[in-house]
Each structure stands twice: as C-alpha cells, then as structure tokens.
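Next come the chains, spelled out residue by residue.
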Amino acid sequence: MSDEDKILKELIELMEDEFNGHLNFKVVPVNEFLNFVKDWLLGRSEYQVPKNEKTQRINQLYYTYMFGEEFMADKWEEVKLK
C-alpha cells in the first residue's frame, strides 16, 4: 500500500469516526469525499467542525494527501484550524 493510500485510509477512518458512520464515506467516490472534507474543514458544509486533536489530524491528512508532505512541511501553521 502506498503512502498516499495509507493517508487516504486513515482520513476515511477518522471521518467515519467523526460522523459515527452516518455518511458512509467508504462508498463515496474519492473526489466527492475529498471535496466534502475540504468544504467541512472550511466551514462550508451544514456540519460544524469541532476544534480538537482528531479534527487537526484530519486537517493535516487532507492537506498532506492533496499537496504532499514535502510541500506542506513549512505550511502547517498556515492551515492549522483555529
């Protein structure tokens, strides 16, 4: 399993846990899932974003998956949920 697949797997598991499995992310196409995560993190969805360790990890995994670890190495403070 590639690093990208591992990141996506953990991201899906954390989101499933965050929403108690009600949105069934495992059957949603990856692009649709990633768009949902982005909108949720940016506060553009109907669901409130709690500011906790799990959400920070979701945020970190999302940006790492989308842009890569090297690119994000010096940008974590910029994208950290506040």
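To be clear, the structure that these remarks concern was listed above.
Our subject in this report is the structure included herewith. This is a predicted model, so every value here is computed, not measured. (Residues numbered from 1 in each chain as written. Predicted model: local features only at pLDDT ≥ 70, side-chain atom pairs only at ≥ 80, totals over all residues. Heavy atoms only, no water.)

Moving on: the nonpolar core. Grouped together as the largest cluster of nonpolar side chains are 21 residues, with contacts concentrated most on Leu11, Met15, Phe33, Trp40 and Ile58. Beyond its immediate chain neighbours, meaning those up to four positions away, Met15 contacts Phe25, Phe33, Phe36, Val37, Trp40 and Ile58. (Core = buried A, V, L, I, M, F, W, Y, C linked by side-chain atoms within 4.5 Å. Buried < 20%, exposed > 50% of the residue type's maximum accessible area, 1.4 Å probe, protein only. Contact = heavy atoms within 4.5 Å.)

This next bit is on unusual backbone geometry. One non-glycine residue with positive phi stands out, namely Asn20, at about 55°. In this fold, Asn20 is placed in the loop between α1 (3-18) and α2 (30-41). What makes Asn20 exposed here is its relative accessible area of 61%. (Helix = DSSP H or I, 4+ residues; strand = E, 2+ residues; numbered from the N terminus.)

In this section: the packing of α1 against helix α3 (residues 53-67). Helices that pack against each other are described as a pair by the angle of their axes relative to one another and the distance between those axes. It is at 9 Å that the axes of α1 and α3 come closest, and there the two elements cross at 145°. Seen from above, α1 lies across α3 with left-handed handedness. Between α1 and α3, the contacting residues are Glu4, Ile7, Leu8, Glu10, Leu11, Leu14, Met15, Asp17 and Glu18 on the first element and Lys54, Thr55, Arg57, Ile58, Leu61, Tyr62, Thr64 and Tyr65 on the second. For the contact of α1 with α3, the per-class residue count stands at nine nonpolar, two polar and six charged. (Axes fitted to C-alpha atoms, helices over the stretch in contact; angles between N-to-C directions. Left-handed = near helix turned anticlockwise from the far one by under 90°. Nonpolar A, V, L, I, M, F, W, Y, C, P; charged D, E, K, R; others polar.)

Before going further, it helps to examine the pattern of salt bridges. Two side chains carrying opposite charge are able to pair once their charged atoms lie near each other. Overall, the coordinates contain five salt bridges when judged by the stated rule. Across the pair Lys9 and Glu13 runs a salt bridge whose closest N-O atoms are separated by 3.0 Å. Within this pair, Lys9 and its partner Glu13 are both found in helix α1, separated by four residues, close to a single helical turn. Take Lys9: its relative accessible area is 44%, and that puts it in the partly exposed class. A salt bridge links Asp39 to Arg44; the shortest N-O distance between them is 3.5 Å. Relative accessible area serves as the criterion here: at 25%, Asp39 is assigned to the partly exposed category. (Salt bridge = Lys/Arg side-chain N within 4 Å of Asp/Glu carboxyl O.)

Glancing now at α2. For α2, built from twelve residues, the straight-helix expectation of 16 Å at 1.5 Å per residue is met to within 8% by its first-to-last C-alpha distance of 16 Å. Packing partners of the buried residues in α2 comprise α1 and α3. Looking one or two residues past α2, Gly43 carries a phi angle of roughly 75°, positive in sign. (Expected span 1.5 Å × (residues − 1).)

What follows deals with a nonpolar patch on the surface. Together, Met66, Phe67 and Phe71 make up a nonpolar patch on the protein surface, roughly 300 Å² of accessible area in all. Along the polypeptide, Phe71 turns up in helix α4 (residues 69-72). Classification of Phe71 as partly exposed rests on a relative accessible area of 45%. (Patch = residues over 30% accessible without salt bridge, like charges linked within 9 Å, V, L, I, M, F, W, Y side chains within 5 Å. Areas by Shrake-Rupley, 256 points an atom, 1.4 Å probe, with all protein chains shown as cover.)

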